[in-house]
Amino acid sequence: MKGTNEQRAGLLSGIGAYGLWGIVPLFWPLLKPAGAIEILAHRMVWSLGVVGIALLILRRWSWIGPLIRQPRKLGLVATAAAVITVNWGLYIWAVNNGQVVEASLGYFINPLVTIAMGVLLLGERLRPAQWVAVGTGAAAVLVLAIGYGRPPWISLVLAFSFATYGLVKKKVAMGGLESLTAETAVLFVPALGYLLWLGARGDATFGSEGFGHAALLAATGVVTAIPLVLFGAAAIRVPLSTLGLLQYLAPVFQFVLGILYFHEEMPPERWAGFALVWLALTLLTWDAFRTARRTKAEAARTRAARAATHPSPSASSTPPAGDSASPSATTPTP
C-alpha cells in the first residue's frame, strides 16, 4: 500500500510539474509592459530568494563547501547558468511576441536533439528506430523551414539550449534544488546589476507600474521553483519511462494554448511539420518501451538461470519423511 501511495504521489507531482510548465505561457504576458530581459532578470533574482528559503527550511547547506572547492564543477554550473539564461530569455520573449506555437515545437523536438547530441558528442550508438525518429525530426524541421520561409530558429535555439543544459546538468550531478540554487547564485549579481542599472535610467517597471505589477514580478521566483520541486518529488517516485511520457504534457499544453487561447495561425505546412515531429516522438516512445520490456525480460531470464545454477540450500535439501515440503523450501531464492 505504501509503495502504491508513493507512486500515486509521484505521478501527481509529475503531472503538476509538467502541467505548470505547460500553462506558464499564461503568466508571462501578465508582466507587460516589462520586457523579456527585465522579466528574466527578476526571475533570476527572486528564484534565488525562494530556493534559499527552501534550503534554510530543509537545512541542506552541506553541498556548498565541496562545490566551491571544485573549480571544474563550478565552471560547469556557470555554463549551465549561461545556457538556461538563453533558454529562459528566448522563451519569455517568444511567448510575449505571439510565438507560443513555435516555442512549443522547441520542447517537442528537444528529445530528438538530445539523442542527436548523444551521438555527436558522447559517441552513443542509436538503435534503428531512433535513427528513423531523428531523421523524421530533421525532415519536420525542413518542412517547417519551407513553410515559414526561414528556419524555425526559436524552436531550434530552445531545443538545443535545453538539450545542452541537460547534458551539462548530467555532468554536474547535483540535486534539482541544489543545482538551481547554484545556477541562480551565479546569475544573481549580473541580474541584480542589470535591474539597478535599469532603475537608475528610469526604465524599470518594478515600482513604477503599481504594487500588483511588482508582486507579479516577484512571483517569478515562485513560478520557477514550484514546478522544479514537484519534478524532484516525481523523479524519485516514478519510473524514468513514466517521466519520459509526462514530459510531453508541457509542449502539448503550450501548443493548445497557442492555437485556442492566443489564436496563432496554423497553415497546412505548419500542421505537416508538427505531424512529422509527433510521428518521430511516437517512434521514439514505442522504441523506448520495447527496449525496456526486452531489458526486463532478459534480466528475469538471467535471474532464473542464476537461481537454477546456484539453488539455495533449502531448495536442494530433502524434506523429512512424512512431511510435505513448504513453498519457501522448494522455491529457489533469487
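Reading the values: rules and limits
- Residues numbered from 1 in each chain as written.
- Predicted model: local features only at pLDDT ≥ 70, side-chain atom pairs only at ≥ 80, totals over all residues.
- Heavy atoms only, no water.
- 1 Å grid on protein atoms, 1.4 Å probe; cavity = no way out; pocket = protein on both sides within 12 Å on 5 of 7 lines; lining within 4 Å.
- Points joined across faces, edges and corners; volume = space filled by probe spheres on them.
- Helix = DSSP H or I, 4+ residues; strand = E, 2+ residues; numbered from the N terminus.
- Nonpolar A, V, L, I, M, F, W, Y, C, P; charged D, E, K, R; others polar.
- Patch = residues over 30% accessible without salt bridge, like charges linked within 9 Å, V, L, I, M, F, W, Y side chains within 5 Å.
- Areas by Shrake-Rupley, 256 points an atom, 1.4 Å probe, with all protein chains shown as cover.
- Salt bridge = Lys/Arg side-chain N within 4 Å of Asp/Glu carboxyl O.
- Buried < 20%, exposed > 50% of the residue type's maximum accessible area, 1.4 Å probe, protein only.
- Phe/Tyr/Trp six-rings, centres within 6.5 Å; stacked < 30°, edge-to-face > 60°.

(A) Looking closely at the layout of surface pockets. If you add up the space inside the second largest pocket, you get close to 180 Å³. For the second largest pocket, the full set of lining residues is Ile109, Leu112, Val113, Ala116, Val134, Gly137, Ala138, Val141, Leu156 and Phe160. Listing elements by their share of the lining of the second largest pocket, those giving two or more residues are α5 (100-122), α6 (128-148) and α7 (153-172). Taken together, the residues of the lining of the second largest pocket sort by class into 9 nonpolar, 1 polar and no charged.

(B) The arrangement of a nonpolar patch on the surface in detail. Taken together, the side chains of Leu20, Ile23, Leu26, Val222, Ile226, Val252, Phe253, Val256, Leu260 and Tyr261 present a nonpolar region at the surface, about 820 Å² in accessible area. When contributions to the nonpolar patch are tallied by element, the ones reaching two or more residues are α1 (2-23), α10 (220-235) and α12 (249-261). Structurally, phenylalanine 253 can be placed in helix α12. For phenylalanine 253, a relative accessible area of 32% puts it in the partly exposed group.

(C) Main features of the packing of aromatic side chains. As enumerated under the stated definition, the model contains 18 aromatic pairs in all. A centroid spacing of 6.0 Å and a plane angle of 90° characterise the contact between tyrosine 18 and phenylalanine 231, whose relative ring orientation is edge-to-face. In this pair, tyrosine 18 is assigned in helix α1 and phenylalanine 231 in helix α10, connecting sequence segments 213 residues apart. A residue is classified by how much of its surface remains accessible, and tyrosine 18, at 10% relative accessible area, is buried. Between tyrosine 107 and phenylalanine 162, the ring centres sit 5.8 Å apart and the planes meet at 80°, which makes this aromatic pair edge-to-face. With a gap of 55 residues between them, tyrosine 107 in helix α5 and phenylalanine 162 in helix α7 connect regions that are remote in the sequence. Residue tyrosine 107 is classed as buried on the basis of its relative accessible area, which comes to 18%. Members of the aromatic cluster, each reached through a chain of ring pairs, are Phe108, Phe255, Trp271, Phe274 and Trp278.

(D) Layout of the pattern of salt bridges. Under the defined criterion, the tally for this structure stands at 5 salt bridges. The closest approach of N and O atoms between glutamate 178 and arginine 60, which form a salt bridge, is 2.6 Å. Within this pair, whereas glutamate 178 is found in helix α8 (residues 176-201), its partner arginine 60 is found in the loop between α2 (36-58) and α3 (64-68), the two being separated by 118 residues in sequence. Exposure remark for glutamate 178: the relative accessible area of 11% places this residue in the buried category. The shortest N-O distance in the salt bridge between aspartate 203 and arginine 201 comes to 3.2 Å.

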